[in-house]
Amino acid sequence: QVQLVESGGGLVQSGGSLRLSCAASGNTISNYAMGWFRQAPGKEREVAAAVSWSGATTYYADSVKGRFTISKDNAKKTVYLQMNSLKPEDTAVYSCAATYSRNSDYAPVRGYNYWGQGTQVTVSS
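Residues numbered from 1 in each chain as written. Predicted model: local features only at pLDDT ≥ 70, side-chain atom pairs only at ≥ 80, totals over all residues. Heavy atoms only, no water.

1. Looking at the pattern of salt bridges
Counted according to the given criterion, the structure contains 4 salt bridges. Among the ionic pairs, Glu 46 bridges to Arg 38, the shortest N-O distance being 2.8 Å. A residue is classified by how much of its surface remains accessible, and Glu 46, at 35% relative accessible area, is partly exposed. Arg 38 gets classed as buried once you look at its relative accessible area, which sits at 6%. We note a salt bridge from Asp 90 to Arg 38, for which the minimum N-O separation is 2.9 Å. One end of the pair, Asp 90, is in the loop between strand E8 (78–83) and strand E9 (92–100); the other, Arg 38, is in strand E4 (residues 32–39), with 52 residues separating them in the sequence. Owing to a relative accessible area of 1%, Asp 90 belongs among the buried residues under this scheme. (Salt bridge = Lys/Arg side-chain N within 4 Å of Asp/Glu carboxyl O. Buried < 20%, exposed > 50% of the residue type's maximum accessible area, 1.4 Å probe, protein only. Helix = DSSP H or I, 4+ residues; strand = E, 2+ residues; numbered from the N terminus.)

2. Focus: unusual backbone geometry
Notably, Lys 77 is not glycine yet its phi reads approximately 50°, a positive angle. Among the secondary structure elements, Lys 77 is positioned in the loop between strand E7 (68–73) and E8. Overall, the relative accessible area of 23% leaves Lys 77 in the partly exposed class. Backbone geometry places Ser 85, a non-glycine residue, at a positive phi of 50°. Along the chain, Ser 85 turns up in the loop between E8 and E9. Classification of Ser 85 by relative accessible area gives partly exposed; the value is 40%.

What is shown is where atoms sit, not what they do.
Have a look at this one:
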């Protein structure tokens, strides 16, 4: 079992930055791929970024590519999402997720088993 708790959300002006953290408890996340998902009001949840359990492979949605960076610290059991050049359309609840993976270099965009409660990110124009 893996429990996930997000932090770092808040209100920021357009063009600003935030860093989200996702701390895991329970099992080690060394063999878990991790993802950051977001859901804006009235929209479906979408993947923003994902990282393989080795940290070597990452995936980014086109809408965040070049602005967001996902990273994983297995020793600290924490995953980060650095968000730069934020736009009002980035406003959403951001949730981290984990899934066990046998492939050290696979960054999945679906099929996650464990989810955090989410943290609100609001970008004002």
